[in-house]
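Reading the structure
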Amino acid sequence: MTIASIMLAAGHGTRMKSTLPKVLHPILGKPLVLHALSAVENVVDIPPVVVIGHGAEDVKAAIQAGVKQDVQFAIQEKQLGTGHAVMCAQSLLQGKSEKVIITFADMPLLTQASIEHIIQLQQESQSVMVITTVMSEEPRGFGRVIRDSDGSVQAIVEEVDCTPEQLLVREKNTSAYCVDAKWLWQSLEKLQPSAKGEYYITDLVAMAVAEGLRVSAYVLEDRSEGLGINDRVDLADTERAMRMRVNRDWMRKGVTFIDPWTTTVHLEVELAQDVVLQPNTMLMGKTKIAKNSVIGPNTTLIDTLVGEDCHIQYSVAESAQVGNHVTIGPFARLRKGAVLQDHVHIGNFGEVKDSVLGEGTKMGHFSYIGNAEIGKDVNIGAGTITCNYDGKTKHLTEIGDSAFIGSDTMLVAPLKIGKNATTGAGSVVTRDVPDNTIVYGTPAKPKERKD
Ligand code: UD1
Ligand code: CA
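Residues numbered from 1 in each chain as written. Chains lettered and ligands numbered in written order. Predicted model: local features only at pLDDT ≥ 70, side-chain atom pairs only at ≥ 80, totals over all residues. Heavy atoms only, no water.

**Topic: the coordination of the calcium ion (ligand 2)**
Inclusion rule: Distances up to 2.8 Å from the metal define which N, O and S atoms are donors, and 3.2 Å serves for Na, K and Ca; water is absent from the atom set, so sites may look incomplete. Helix and strand assignments follow DSSP, with helices taken as H or I runs no shorter than four residues and strands as E runs no shorter than two, numbered in order from the N terminus. Relative accessible area decides the class of each residue, using a 1.4 Å probe on protein chains only: under 20% of the type maximum gives buried, over 50% gives exposed, and in between gives partly exposed.
Taken together, the protein donors to the calcium ion (ligand 2) comprise Asp-106 (OD) and Asn-230 (OD1), at separations of 2.3 to 2.5 Å. Here Asn-230 lies in the loop between strand S11 (215-219) and helix H9 (232-252) and Asp-106 lies in the loop between strand S6 (99-104) and helix H5 (112-125), a separation of 124 residues in the sequence. Asp-106 sits in the buried class, given a relative accessible area of 14%.

**Side note on the side chain of Thr-384**
Basically, it comes down to this: For this analysis, a polar contact is any N or O atom pair within 3.5 Å, provided that within protein one partner can donate a hydrogen and the other can accept it, and provided that sequence-adjacent residues contribute only side-chain to side-chain pairs.
On the secondary structure map, Thr-384 appears in the loop between strand S29 (379-380) and strand S30 (385-387). You can call Thr-384 buried: its relative accessible area is 1%. In terms of polar contacts, Thr-384 uses its side chain to reach the backbone carbonyl oxygen of Gly-381, at 2.7 Å.

**A look at the site of ligand 1**
Convention followed: A cutoff of 4 Å decides nearness: a residue is near a molecule or strand if any of its heavy atoms lies inside that distance of it. With residues, only the protein chains shown are counted as cover, and all accessible areas are computed by Shrake-Rupley using a 1.4 Å probe. The nonpolar class holds Ala, Val, Leu, Ile, Met, Phe, Trp, Tyr, Cys and Pro. Asp, Glu, Lys and Arg form the charged class, and all remaining residues, Gly among them, are polar.
If you check the shell around ligand 1, you find 26 residues, and the closest are Gln-76, Thr-82, Glu-158, Asn-173 and Ser-175. Between ligand 1 and the protein, one listed contact pairs an oxygen atom with a backbone N or O atom of Gly-143 at 2.9 Å. Between an oxygen atom of ligand 1 and a main-chain N or O atom of Asn-173, the distance comes to 2.7 Å. Protein contacts shield 89% of the accessible area of ligand 1, which totals 760 Å² for the unbound molecule. Here the shell around ligand 1 gets 3 residues from one element, more than from any other, and that element is strand S10 (residues 171-180). Looking at side-chain class alone, the shell around ligand 1 contains 11 nonpolar, 11 polar and 4 charged residues.

**Remarks on unusual backbone geometry**
With an omega of 5°, the peptide bond running from Gly-296 to Pro-297 counts as cis. Structurally, the position occupied by Pro-297 is in the loop between strand S18 (294-295) and strand S19 (300-302). Here the amide bond leading from Thr-442 into Pro-443 is cis, since omega sits at -15°, within 30 degrees of zero. Structurally, the position occupied by Pro-443 is in the loop between strand S37 (438-440) and strand S38 (445-446). Here the phi dihedral of Asp-274 falls at roughly 65°; this positive angle occurs in a residue that is not glycine. Mapped onto the secondary structure, Asp-274 falls in the loop between strand S14 (270-271) and strand S15 (276-277).

**Section: the domain arrangement of the protein**
The test is simple: Just so you know, the domain bounds were taken from an automatic or database domain assignment. Joining two parts hides part of their accessible area as seen by a 1.4 Å probe, and the buried area is that hidden amount summed over both. Here, a salt bridge means any Lys or Arg side-chain nitrogen found within 4 Å of an Asp or Glu carboxyl oxygen.
Looking at the protein, the domain boundaries give domain 1 (3-226) and domain 2 (254-449). One C-alpha centre belongs to domain 1, the other to domain 2, and the line joining them spans 50 Å. Here domain 1 and domain 2 share an interface that buries about 300 Å² over both sides, 78% of which is from carbon and sulfur atoms. If you look at where domain 1 meets domain 2, you find 0 salt bridges. The tally of links from domain 1 across to domain 2 stands at 0 residue pairs in polar contact (both at pLDDT 80 or more). Within the side of domain 1 that touches domain 2, the residues separate by chemical class into 1 nonpolar, 2 polar and 1 charged.

Given below as structure tokens:
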């Protein structure tokens, strides 16, 4: 049994009121079209076909950047409706499969399991077409599923074409179909345009019934799978549903969420057992947290690796690496290339960029450390600043193990502070300091020397 798939992603998305094509709006950091593709990409035998049109180049580029496997593209020059969009894929797929899965790029919560169910149902019930539906208290905007008195599916009627009686129907079409390929390709050309001049894929249902063929419906149990995006209210509702789906998965795997409704975990994030996420925490990109670490409240981590038993609160980190038993915040910022080894402590209002802080080093208050290599057990006093930039280039500051940097020290790079060296409070250090030496003043001089 060969299975092909078509995903419709050519529409304008007028109701989004956006210059960005609708299918590129992200939820959980990933464009809608990629969420929708992930439900079909593993069940097909030939590369999925995506129908693109509005913003075609951008949509194509986003898909190619976001998926590993091959994807085929069909162009729909004019958006003449969902039935017409499927016709645009005909030359790529006709004669190549027994079944065709059709899904919409604006239905990102539909799962692979549901796609597998409709394939199975189509096979077992010998239907030419299986549709997916959801029972909804709020079917507004969706096509309604019309059934016979015996429950058999008769038609899908678009909301604009519904009679007042049909508008009361609570079963809505969620636009995932498994169709017998041969019947699909011969039936598409018989579709008639609607009053608005659009060809509706939904009209295939009544057409099959009129031909005496069977159409079955798969009613999705999880209603969130039926959430579709037409405007930004839908976008927010869908993001919330997706966020809860991801968070519940992590809770079942042993992660504590104090307030899952305000905690966002992107799809590629990895969390170990007994991680605790406090409210208003966002974990983005390829962030990874090892066991027993507590993140938040109010913390954003992007592409950041965090070791075991850490506590990071009210802080922001991007492309940083944090060892084990590290405490950060409140109000710290780690920028790209910040590497904190085990038992480091960063307190309030510290910023670290392109620097390594060795094991046990402490930086409690109001410091900027950029382009620095700092050894073990160094004490960085309040207000210490690496003056790393001379207006043209960034320069390196090196600090040896167990050095004591006094409060408000300016370290004018390039600079090397020796092991166990001390700088006095308020010193401006412009020259290298040997091991075990105390310097102070502006510019800083060794204490032993008499000028
Ligand atoms: C469609 C269904 C409706 C269903 C609803 C939600 C039809 C006629 N109606 O309505 O029964 O309840 O989805 O699942 O199918 N697209 C194209 N080319 C086009 C038009 C649309 O590629 O010419 C794509 C869009 O990019 C989008 C999808 O098809 O991904 C759906 O289009 P949209 O206009 O949102 O359809 P609905 O009005 O939501
Ligand atoms: Ca839609």
